[in-house]
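Below, each chain spelled out in residue letters.
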Amino acid sequence: MRFPEEVPRLGDGRVLLRAHRLDDVDAITEQCQSEEMQRWTLVPTPYSREDAVAYVRSRPAGWADESQCAFAIEAPQGTGPTRFAGSVSLNVASPGIGAVGFGLHPLARGHGVMTAAVRLVADWALEKMLIQRLTWSSIVGNLASWRVVWRNGFSFEGSLRCAQPQRGNLLDSWNASLLSTDARDPKTRWLAHPVLRGDRVVLRPLRSGDESRYLEAVHDVETHRWLHEIPFARDRETFQRRVLGVGLAPSLGQALEWAVADPATHDYLAGNNQFGFDSHDHNTAEVGYRP
């Protein structure tokens, strides 16, 4: 396709997808310098305005052979005016198979903008570009990105070790897909995972800083005596992987895991799990715990 003349304009009345322009550069720079973009994507670090200019100027090549069809997103910024809100792309490496990628400006987050943008791209990819399988992948722990595709009907297909390159490192990835024949609604329940506060304890998600006390607990003699067959994280690397993935089981409607913590010091005291929510009737679950 010729850029920008033949780039489709896709919209739903609130969100508009269009070709990138050089006047997007300042907003792209702000977006890619944000903590979330630096943590979860492959953008250069540090990110400069020159990087944004190079990104915009490279868009015509991807559209020319339809291998990287990237759209700029326009949407209202909260209660403010409509402006550049991020980018979403369809990358096609093989006939019939495409991958969706996206990033959002900080001011546009939390308003459903990317969910709508991905829906527009998915509709276009499956109906107009004849994509039969649309894939998504991200670094393990990127729940915000996973929630976007979950809302659009993607099915989670598992985690892969050392599958996501980022600045010289190979990180674990989450992977999901949407087929042209799939319904476009979420495939699982996303369980709420609230912080629960009592007079003597707080139940909160597991944190990276819980490592030493968690490992002390799972290596305790009594824990080994009664729970030795349960595959707890038993070393530093496995524990940190567990922390990154702690939000996945709730998103699949399977389980909830809390750290039981001291309300004053926030120290890890015990673990509490509820699991089996994805049983056939969705009306039962089991509870497990260890100090």
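Residues numbered from 1 in each chain as written. Predicted model: local features only at pLDDT ≥ 70, side-chain atom pairs only at ≥ 80, totals over all residues. Heavy atoms only, no water.

Peer 1: Residue-level account of the pattern of salt bridges, with values.
Peer 2: One pass over the structure, following the stated rule, counts 14 salt bridges. A salt bridge links arginine 2 to glutamate 6, with the shortest nitrogen-to-oxygen separation between them at 3.2 Å. With relative accessibility at 52%, the residue arginine 2 sits in the exposed group. As a salt-bridge pair, glutamate 74 and arginine 21 come within 3.6 Å of each other at their nearest N and O atoms. In this pair, glutamate 74 is assigned in strand β3 (residues 68-76) and arginine 21 in the loop between β2 (16-18) and α1 (25-32), connecting sequence segments 53 residues apart. Glutamate 74 gets classed as buried once you look at its relative accessible area, which sits at 17%. A network of salt bridges, in which partner residues are shared, links Arg18, Arg21, Asp23, Asp24 and Glu74. (Salt bridge = Lys/Arg side-chain N within 4 Å of Asp/Glu carboxyl O. Buried < 20%, exposed > 50% of the residue type's maximum accessible area, 1.4 Å probe, protein only. Helix = DSSP H or I, 4+ residues; strand = E, 2+ residues; numbered from the N terminus.)

Peer 1: With reference to specific residues and values, describe the side chain of glutamate 257.
Peer 2: In this fold, glutamate 257 is placed in strand β11 (residues 255-261). Assessed through its relative accessible area of 9%, glutamate 257 is described here as buried. With residues up to four places along the chain from it excluded, the contact list for glutamate 257 reads His193, Pro205, Leu206, Tyr214, Arg242, Val246, Asn272, Asn273 and Arg290. (Contact = heavy atoms within 4.5 Å.)

Peer 1: Please provide a residue-by-residue account of the environment of arginine 161, values included.
Peer 2: Turning to its location among the elements, arginine 161 is positioned in strand β7 (residues 155-166). Arginine 161 gets classed as exposed once you look at its relative accessible area, which sits at 67%. For the pair arginine 161 and glutamate 222, spaced 61 residues apart in sequence, the C-alpha separation works out to 32 Å. With near-sequence residues (within four places) excluded, arginine 161 lies in contact with Asp172 and Arg241.

Peer 1: Explain the side chain of aspartate 172 residue by residue, including any values.
Peer 2: Inspection of the secondary structure puts aspartate 172 in strand β8 (residues 169-179). With relative accessibility at 16%, the residue aspartate 172 sits in the buried group. Polar side-chain contacts of aspartate 172 include one of 2.9 Å to the backbone nitrogen of cysteine 162. The residues contacting aspartate 172, other than those within four sequence positions of it, are Ser138, Ile139, Val140, Leu160, Arg161, Cys162, Gln164 and Arg241. (Polar contact = N/O pair within 3.5 Å; in protein donor to acceptor, adjacent residues only side chain to side chain.)

Peer 1: Can you break down the packing of aromatic side chains residue by residue, with the values?
Peer 2: All told, the structure shown has 9 aromatic pairs when counted by the stated rule. Through pairs of rings, three or more aromatic residues link up here, namely Trp136, Trp146, Phe156 and Trp174. The ring of tyrosine 55 has arginine 59 sitting right over it, with the charged end atom 4.1 Å from the ring centre. Directly above the ring of tryptophan 190 sits arginine 147, whose terminal nitrogen or CZ lies 3.8 Å from the centroid. (Phe/Tyr/Trp six-rings, centres within 6.5 Å; stacked < 30°, edge-to-face > 60°. Lys NZ or Arg CZ within 6 Å of the ring centre and 35° of its normal.)

Peer 1: Give me the lowdown on the nonpolar core, citing residues and values where you can.
Peer 2: The nonpolar side chains of a soluble globular protein tend to be buried, and buried together. Formed by 43 residues in total, the largest nonpolar core has its most connected members in Val15, Leu17, Phe71, Ile73, Val88, Leu90 and Trp146. Only β3, β4 (82-94), β5 (97-104), α4 (113-127), β6 (133-139), α5 (143-151) and β8 provide two or more residues apiece to this core. Sorting elements by how many residues they give to this core places α4 first, with 11 residues. With residues near it in sequence (within four places) discarded, isoleucine 73 still touches Val15, Leu16, Leu17, Arg83, Phe84, Ala85, Gly86, Ser87, Val88, Val113, Met114 and Ala117. (Core = buried A, V, L, I, M, F, W, Y, C linked by side-chain atoms within 4.5 Å.)

Peer 1: Any details on the sheet that holds strand β13 (residues 286-290)? Residues and values, ideally.
Peer 2: With antiparallel pairing, the 5 strands of this open sheet are ordered in space as β9-β10-β11-β12-β13. Strand pairing shows two members of the sheet lacking a second neighbour, β9 (196-197) and β13, which therefore form its edges. Inspection of the sheet shows β11 paired to strand β12 (residues 268-275) by 7 bridges, in the antiparallel sense. The residue bridging alanine 261 from the neighbouring strand is tyrosine 268, located in β12. Seen against the sheet, helix α6 (residues 211-218) touches β11, β12 and β13 and runs at an angle of roughly 70° to β12. (Pairing = 2+ DSSP bridges. Axes fitted to C-alpha atoms, helices over the stretch in contact; angles between N-to-C directions.)

Peer 1: Which residues make up the sheet that holds β2, and what values do they have?
Peer 2: Across the sheet, 8 strands lie side by side as β1-β2-β3-β4-β5-β6-β8-β7; this open sheet has mixed pairing. The sheet is open, and its two edges are formed by β1 (10-11) and β7, each paired on a single side. Note that β6 and β8 share 7 bridges and pair antiparallel. The partner of arginine 133 across the bridge, within β8, is leucine 179. In the packing of α1 onto the sheet, the strands contacted are β4 and β5, and the crossing angle to β4 comes to about 75°. Running at roughly 125° to β3, helix α3 (residues 49-64) makes contact with β3 and β4 of the sheet.

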